[in-house]
Amino acid sequence: MQFRELNLSQEILESVEELGFTEMTEIQQKSIPLILIGKDVIGHSKTGTGKTAAFGIPAVERFTDTKNLTVLVLCPTRELAMQAHEEIRKFARYKRGVKAVAVYGGASMEKQIYELKRGANIVIGTPGRILDHIRRRTIKLDKIGYVVLDEADEMLNMGFREDIEAILSEVPEKRQTVLFSATMPPAILAITEKYQRNPVHVEIKTSQKTVEAIEQIYYNVAMGRKTDALKLLLTAYTPASAMIFCNTKKMVDDLTEELVKSGFKAVGIHGDMKQSQRTQVMNSFKNKAVEILVTTDVSARGIDVNGVDAVFNYDLPQDNEYYIHRIGRTGRAGHTGTAYTLISGRRQFYELREIERYTKAEIIEKALPEKQEIISMKKDNIISEIVSYDSKISEANEILERLAESGIDYRETALRLISEKLKSDIENIPEFERPRPLRKGKKDRQTVKVDINIGRNKHIAPNFILGALVDATGMSGRDFGKIDIFDTHTTVEIPESEQDYILDTTNPMKINGNKVEVKLYRGTDKSKTDRKKREYGNRKRREMYTDYIPDRKKRMKKRH
Ligand code: CDP
Ligand code: MG
């Protein structure tokens, strides 16, 4: 069914057509007509099925009182509110005088108040901030006739239940309430019972989407172990054709060199290379002469290679769109593919969550495969290779017969050949040292200090130092002790038992964009360096931080 077949005003049809929509999606077909006649609706369909237009189009069609605020849309996050706001603005484009305003936390209150005062007819926002405005009386609810709970399941997940109920209980009872959600947990049905009037439940069971052809996995590894982790994955899964994405040209060069050194057939490509060279590299990858292409986003743009079966995000992309673009290099034309993403530390974990929300796909965490697992994969591979082998030649037969004559029967021959193959497979599995979680509560642990060649001159604060150490090593913030920041260097107490591991994973390491070197600290309390430290301490204010624990920032700020 097309939008044209609905009894919509010319202004709306025009804007909808401008957006390129002609056919309605299923959820739109089933819910828009009901909403247009004033019914309360519960819309249940998966992400990406067009729920925004399902509630947004009726909103701008029916609620066009330009003097008052008549429509309230609640969304779970700032991003989703912004997105819904954008979309609704587009639908309202030709509806004169209809003004939509977005309000969400983390943005300037004054600006939002200013926008609201200029006369908003539709407010789209997060429950917390909307409630703030209601309390300040910058949002008035008395003329509201239409309330939307968008992505209701996510709002409940984010703990907005009380805020939602507080808002709904203040909106005039004579109103229309619609709720849209990708899932329908019982908590949502409870809300619908309490705040909707005879709602019609519309459910769409959708078939698979294209991105589902791509399995998306991530691994949380120490920054200093990313290259090892990548090698382990390449060895375990042996993709016949893989693209590896890095964020910088330098990283492309370094990583390619490292992979080649370890025996992988890899080539790198980036914008600093001559065009002829790039073409040559691309061709060797396209015709499968090399298995691995290491690249930046820019040089990968627009290239279309068939049969890429794995994409690796060695660096997390800086932009959500890039993520989609990158992983879309695999799983093309009806094939399946896998996207592997490496992340280090909490910040990247949250960035990945953001990507997940944006792409509306699930990215599953996995642990790096253990050696034993890889060996069993290799065994499976050998079996399937032998099963599907079909280039037998008669000379092979002749060799078999001659071997049999000298007392080595077929079985023994097979055993020797298989052993040879498996042995080299096993030998090629790279070692991977995992960060060991340190036993807790061992206060009397032996410690040593490391020295990092960055200090106050680069405006370094302890949280930068600790953050970098945690990301690089994958250890916990609690495993590190006292951090002393001097003018040009910093010392950090570390557990003695981990010193080799820490020195290894932190070289190289970056702090706040500066490449730093981490060494064992050789100074003692009575050495010259330390006397100097005391002098600095007297001359300038010295920052001393003890037992820094990242999530209890306030406790550690003891300035001397
Ligand atoms: O909210 P939900 O996850 O169901 O999906 P959405 O955020 O509304 O996204 C639906 C996407 O499909 C948007 O990019 C729309 O522009 C597009 N679309 C639509 O909503 N309706 C159509 N009839 C055609 C396309
Ligand atoms: Mg939505």
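Residues numbered from 1 in each chain as written. Chains lettered and ligands numbered in written order. Predicted model: local features only at pLDDT ≥ 70, side-chain atom pairs only at ≥ 80, totals over all residues. Heavy atoms only, no water.

Asks: Requested: an account of the site of ligand 1, with residues and values cited.
Replies: As a matter of local geometry, ligand 1 sits amid 16 residues, with Glu23, Gln28, Gly48, Lys51 and Thr52 nearest to it. Here an oxygen atom of ligand 1 sits 3.1 Å away from a polar atom, N or O, in the main chain of threonine 49. Against a free-state accessible area of 540 Å², the protein chains account for coverage of 75% of ligand 1. Split by residue class, the shell around ligand 1 holds three nonpolar, seven polar and six charged. (Near = heavy atom within 4 Å. Polar contact = N/O pair within 3.5 Å; in protein donor to acceptor, adjacent residues only side chain to side chain. Areas by Shrake-Rupley, 256 points an atom, 1.4 Å probe, with all protein chains shown as cover. Nonpolar A, V, L, I, M, F, W, Y, C, P; charged D, E, K, R; others polar.)

Asks: Before we move on, could you go through the sheet that holds strand β12 (residues 310-313) and cite the residues and values that matter?
Replies: Spatially, the seven strands line up as an open sheet ordered β10-β11-β9-β12-β13-β8-β14, and their pairing is parallel. Each end of this open sheet is capped by a strand with a single partner; those strands are β10 (266-269) and β14 (364-365). Where β12 and strand β13 (residues 337-343) come together, four bridges link them in parallel fashion. Within the sheet, the bridge partner assigned to asparagine 313 lies in β13 and is threonine 341. Sitting on the sheet, helix α12 (residues 275-286) touches β9 (242-245), β10 and β11 (292-295), and the angle it makes with β10 is about 140 degrees. Contacting β8 (214-220), β9, β12 and β13, helix α14 (residues 320-327) crosses the sheet at an angle of about 150 degrees to β12. (Pairing = 2+ DSSP bridges. Helix = DSSP H or I, 4+ residues; strand = E, 2+ residues; numbered from the N terminus. Contact = heavy atoms within 4.5 Å. Axes fitted to C-alpha atoms, helices over the stretch in contact; angles between N-to-C directions.)

Asks: An account of the confidence of the model for the protein chain is requested, with residue identities and associated values reported.
Replies: Close inspection of predicted coordinates is inappropriate in any region flagged by low pLDDT. Per-residue confidence for the protein chain gives a mean pLDDT of 85; residues scoring 70 or more make up 88%. Under a pLDDT of 50 for its full length, residues 525-560 has, in the predicted model, 50 contacts with residues more than four places off or in other chains. (pLDDT = per-residue confidence, 0-100.)

Asks: Give me the packing of aromatic side chains: which residues, what numbers.
Replies: Enumeration over the complete set of coordinates arrives at seven aromatic pairs. A centroid spacing of 6.3 Å and a plane angle of 20 degrees characterise the contact between tyrosine 219 and tyrosine 340, whose relative ring orientation is stacked. Remark: tyrosine 340 occurs in strand β13 and tyrosine 219 occurs in strand β8; sequence separation between them is 121 residues. In this pair, the class of tyrosine 219 matches that of tyrosine 340, namely buried. Aromatic side chains tyrosine 237 and tyrosine 340 sit 5.5 Å apart centroid to centroid with 25 degrees between the ring planes, which places their arrangement in the stacked category. Highlighted residues: tyrosine 237 in helix α10 (residues 226-237) and tyrosine 340 in strand β13, separated in sequence by 103 residues. Owing to a relative accessible area of 29%, tyrosine 237 belongs among the partly exposed residues under this scheme. For tyrosine 340, a relative accessible area of 7% translates into the label buried. In this structure an aromatic cluster arises from ring pairing among Tyr219, Tyr237, Phe312 and Tyr340. The residue whose ring lies beneath lysine 226 is tyrosine 314, and the NZ or CZ to ring-centre distance is 4.8 Å. (Phe/Tyr/Trp six-rings, centres within 6.5 Å; stacked < 30°, edge-to-face > 60°. Buried < 20%, exposed > 50% of the residue type's maximum accessible area, 1.4 Å probe, protein only. Lys NZ or Arg CZ within 6 Å of the ring centre and 35° of its normal.)

Asks: A description of the nonpolar core should follow, citing residues and the corresponding values.
Replies: Counting 40 residues, the largest nonpolar core has Phe3, Ile124 and Tyr146 as its most contacted members. Here the element with the most residues in this core is helix α3 (residues 51-62); it accounts for six residues. Aside from chain neighbours lying at most four places away, what touches tyrosine 146 is Ile35, Phe55, Pro58, Ala59, Phe63, Thr70, Val71, Leu72, Gln176 and Val178. (Core = buried A, V, L, I, M, F, W, Y, C linked by side-chain atoms within 4.5 Å.)

Asks: How would you summarise the pattern of salt bridges if you had to cite specific residues and measurements?
Replies: By the definition in use, this model includes 25 salt bridges. Here arginine 135 makes a salt bridge to glutamate 170, at a shortest N to O gap of 3.1 Å. Of the two residues, arginine 135 sits in helix α6 (residues 127-135) while glutamate 170 sits in the loop between α8 (161-168) and β6 (176-181), which places them 35 residues apart along the sequence. Residue class for arginine 135 comes out exposed when judged on its relative accessible area of 52%. For glutamate 170, a relative accessible area of 38% gives the class partly exposed. Where glutamate 356 meets arginine 353, a salt bridge forms, and the shortest distance between an N and an O atom there is 2.7 Å. Of this pair, glutamate 356 and arginine 353 both sit in helix α15 (residues 345-359), three residues apart, roughly one helical turn. You can call glutamate 356 buried: its relative accessible area is 14%. Where salt bridges share partners, they join Lys99, Glu115 and Arg118 into one cluster. (Salt bridge = Lys/Arg side-chain N within 4 Å of Asp/Glu carboxyl O.)

Asks: So what's going on with the packing of helix α2 (residues 26-36) against α3? Residues and values would help.
Replies: At their nearest, the axes of α2 and α3 sit 9 Å apart, and the two run at 25 degrees to each other. One way to sum up the angle between α2 and α3 is to call them roughly parallel. Considering the relative orientation of α2 and α3, their crossing is right-handed. Packed against α2, whose contacting residues are Ile27, Gln28, Ser31, Ile32, Ile35 and Leu36, the element α3 presents Lys51, Ala53, Ala54, Phe55, Pro58, Glu61 and Arg62 at the interface. Considering only residue class, the contact of α2 with α3 consists of eight nonpolar, two polar and three charged. (Parallel < 35°, antiparallel > 145°, perpendicular 65-115°, else oblique. Left-handed = near helix turned anticlockwise from the far one by under 90°.)

Asks: Outline the sheet that holds strand β4 (residues 122-125), listing residues and values.
Replies: Strand order in this open sheet of seven strands is β3-β4-β2-β5-β6-β1-β7, and the pairing throughout is parallel. One side of each edge strand has no neighbouring strand; the edge strands of this open sheet are β3 (100-103) and β7 (200-203). Strand after strand, the sheet turns through a mean of 15 degrees between neighbouring axes, direction not considered. In this structure, strand β2 (residues 71-74) lies alongside β4, joined through four bridges in parallel fashion. Counted as the bridge partner of valine 73 is isoleucine 124 from β4.

Asks: Give me helix α18 (residues 410-427): which residues, what numbers.
Replies: Along its 18 residues, α18 runs 26 Å from first to last C-alpha, staying within 8% of the 26 Å computed at 1.5 Å per residue. Every buried residue of α18 is accounted for by Thr413, Leu422 and Asp425. In a view along the axis of α18, the buried residues occupy a sector of 155 degrees, so they form one face of it. The exposed set on the far side of α18, more than 90 degrees from its buried face, consists of Glu420, Lys423 and Glu427. Taken together, the buried residues of α18 touch α16 (371-387) and α17 (394-405). (Expected span 1.5 Å × (residues − 1). Arc of directions from axis to C-beta.)

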